[in-house]
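Coordinate inspection notes
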Amino acid sequence: MIYLDNAATTRPVPGAVEAMMPYLTDYYGNPSSIYSFSEKSRQVIQDTRDYIAQSLHAQSGEIYFTAGGSESDNWAIKAAAEAYAFKGKHIITSKIEHHAVLHTCQYLEKQGYEVTYVGVDENGVINMEELKAAVREDTILITVMAANNEIGTIQPIKEIGELAKAHGILFHTDAVQAYAQIPLDVEEMHIDMLSGSGHKFHGPKGIGFLYIRKGVKIRSFVHGGAQERARRAGTENVPGIAGMGAAAKYSFDILEEKMKKETQLRDYLIDRVLTEIPYVRLNGDRKKRLPGNANFSFRFVEGESMLIHLDQKGICASSGSACTSGSLDPSHVLLAIGLPHEIAHGSLRLTLSEETTREELDYVVDNLKEIVAYIRNMSPLYEDFVRAQGQKEAEHVQ
Amino acid sequence: MYSEKVMDHFNNPRNVGEIENASGVGTVGNAKCGDIMRIYLDIDDKGIIRDCKFKTFGCGAAVATSSMATELVKGKSIEEAMQVTNKAVMEALDGLPPVKVHCSLLAEEAIHAALWDYAEKNHITIAGLSKPKSDIHEGEEAEEEEY
């Protein structure tokens with residue numbers, strides 16, 4: 001099997017699994033209990049909190065564990081909206097956010113908040129002028145993702161952070177795709193809240209975190225206990241936290257080398273696809289993109305058909321966001337960068353990890369060429385296109 | 001996600017292609033929803049569908065329903081072909097996931113559109129057949145994007 005869907009989830013590294021095991025077996029003590037048996041559980045929570053804080057240039061007390069990226073996004077946006085409602089009810093976000101952010105904003109609109117959805121350019125980079133113009137007296141929160149999950153575009157987070165700070169507006173970033181993939185610094189980038197998810201960087205599923213800058217007023221998400229400074233009650237997912245901590249250490253230890261390797265392989269993949277397959281375009285910015293992300297649109301080809309054929313060749317890929325695959329509408333991200341519907345339907349996302357090899361990519365491109373040609377041969381759109389081309393040529397000859 | 005029959009028709013689609021000087025051609029669906037089906041019919045003097053071919057732009061279910069629909073109408077009379085409903089196509093494929101049911105509707109519409117074309121060309125009326133709603137040309141301007 002060739003796994004090229006690392007934006008959907010990643011392989012838990014052996015170190016992460018090993019780190020979890022003691023807390024699933026011997027050290028099952030509740031971290032809130034007083035006896036020394038629970039000390040190990042308490043300690044691994046603290047160690048992970050310290051490590052994640054340091055990886056973001058934050059303080060330990062600013063990291064809160066959650067059940068994952070979607071929960072972190074929900075919490076940050078809903079609880080901040082509620083806490084700052086006295087100041088205003090206007091929120092700014094982008095058109096290409098993950099649904100965990102978009103649907104939360106839509107929910108708040110029903111609760112009487114106003115949301116401005118700022119557009120992006122053809123490469124998916126947020127329109128800064130539009131963002132600046134959207135700022136109002138009553139704006140309380142700007143939430144813009146650090147990097148896009150579909151097309152990999154990295155946003156000018158520092159600029160957005162500076163803008164928010166200058167206007168005294170809270171800035172949240174969904175960094176689920178970016179954390180432990182590219183360097184992030186909450187101080188330098190003026191980030192007030194940041195969401196992360198363990199399974200996107202070789203950790204277990206069902207565990208994530210939210211960074212909340214000290215001093216930010218934010219309501220509790222889960223009531224019922226003193227865990228996470230009483231802001232997110234419930235007995236901690238100790239094995240998950242241990243696994244996420246080990247995965248974060250693993251990822252940051254190799255970060256520079258991982259980025260370099262993935263960037264090289266990604267560029268190799270993009271070059272091969274763009275030169276060897278006709279009527280294809282790269283979605284997202286050529287340079288300002290996540291090291292492991294490649295996203296293409298093949299004209300006259302429908303995405304799901306392509307995925308099934310790839311699957312039969314042992315290749316795991318995705319068409320747009322995995323969360324979108326149950327719906328019939330093409331990805332909102334691809335529409336936001338200006339792709340027409342039928343071209344958005346023919347998108348393919350290949351996301352690499354540091355474990356990906358050049359041989360694997362060669363196998364993928366070789367097969368992809370055949371699959372695309374096969375599907376086009378069956379496509380009435382391609383038939384019409386070829387016929388029209390033939391007519392044009394005939395007219396030219398005359 | 002898909003039944004074995006759907007996968008079989010997706011992997012080995014029957015009757016893919018075009019028919020030159022076809023008796024009737026029907027194209028339905030639109031690229032906006034991600035599905036376009038085109039069906040070609042070769043109908044003899046006795047009103048028997050001698051051959052049927054298809055081309056489809058769409059998901060796994062769209063390809064499989066097109067393939068099955070051509071199988072179901074091939075060798076049949078026009079009257080029999082009119083009985084090939086989306087339900088019949090779905091049953092023949094051992095069902096489809098709920099979000100893909102519209103694909104089977106498209107297959108039925110594509111057959112009807114091809115029969116309509118045949119009827120118009122031959123100035124005849126086919127009982128129970130009405131003008132197909134074809135919206136394939138929607139969003140055509142957008143297609144002229146640069147590459």
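In the block above lies the structure referred to throughout.
Residues numbered from 1 in each chain as written. Chains lettered and ligands numbered in written order. Predicted model: local features only at pLDDT ≥ 70, side-chain atom pairs only at ≥ 80, totals over all residues. Heavy atoms only, no water.

Regarding its fold elements, chain A presents 13 helices and 12 strands. A compact globule built from 398 residues would reach a C-alpha radius of gyration of about 21 Å, and chain A, at 23 Å, matches this within 12%. Within the span of chain A, comprising 398 residues, buried residues form 58% of the whole. In chain A, the proportion of contacts linking residues at least 24 apart, taken out of those at least 6 apart, comes to 72%. Of the roughly 16,200 Å² that chain A leaves accessible, carbon and sulfur atoms contribute 52%. Distance between charge centroids for chain A: 3 Å, based on 41 positive and 53 negative side chains. (Helix = DSSP H or I, 4+ residues; strand = E, 2+ residues; numbered from the N terminus. Rg over C-alpha atoms; globule rule 2.2 N^0.38 Å. Buried < 20%, exposed > 50% of the residue type's maximum accessible area, 1.4 Å probe, protein only. Contact = heavy atoms within 4.5 Å. Areas by Shrake-Rupley, 256 points an atom, 1.4 Å probe, with all protein chains shown as cover. Lys, Arg positive; Asp, Glu negative; His and termini not counted. Charge placed at Lys NZ, Arg CZ, Asp CG, Glu CD.)

Under the criterion given, the structure shown has 32 salt bridges over all chains. Among the ionic pairs, R349(A) bridges to D5(A), the shortest N-O distance being 3.0 Å. Of the two residues, R349(A) is situated in strand β12 (residues 347–351) and D5(A) in the loop between β1 (2–3) and α1 (14–24); the sequence distance between them amounts to 344 residues. Both residues of the pair, R349(A) and D5(A), count as buried. Note that R136(A) and D138(A) form a salt bridge whose closest N and O atoms lie 2.9 Å from each other. In this structure R136(A) comes out as partly exposed when scored by relative accessible area, which is 31%. Several salt bridges share partner residues, and in doing so they unite E383(A), D384(A), R387(A), E18(B), R38(B) and K55(B) into one network. (Salt bridge = Lys/Arg side-chain N within 4 Å of Asp/Glu carboxyl O.)

The next point concerns the interface of chain A and chain B. Tallying the contact residues gives 31 residues for chain A and 32 residues for chain B. Both faces combined, the contact of chain A with chain B buries some 2,600 Å², and carbon together with sulfur accounts for 58% of it. The tally of links between chain A and chain B comes to five salt bridges. Notably, a salt bridge pairs K100(B) with E304(A), separated by 2.6 Å at the nearest N-O pair. If you look at where chain A meets chain B, you find 12 residue pairs in polar contact (both at pLDDT 80 or more). For the side of chain A that touches chain B, the elements supplying multiple residues, two or more each, are β9 (280–282), α9 (303–312), α11 (341–344), α12 (358–377) and α13 (380–397) of chain A. Of the residues belonging to the side of chain A that touches chain B, the class tally is 13 nonpolar, 10 polar and eight charged. (Buried area = accessible area lost by both parts, 1.4 Å probe. Polar contact = N/O pair within 3.5 Å; in protein donor to acceptor, adjacent residues only side chain to side chain. Nonpolar A, V, L, I, M, F, W, Y, C, P; charged D, E, K, R; others polar.)

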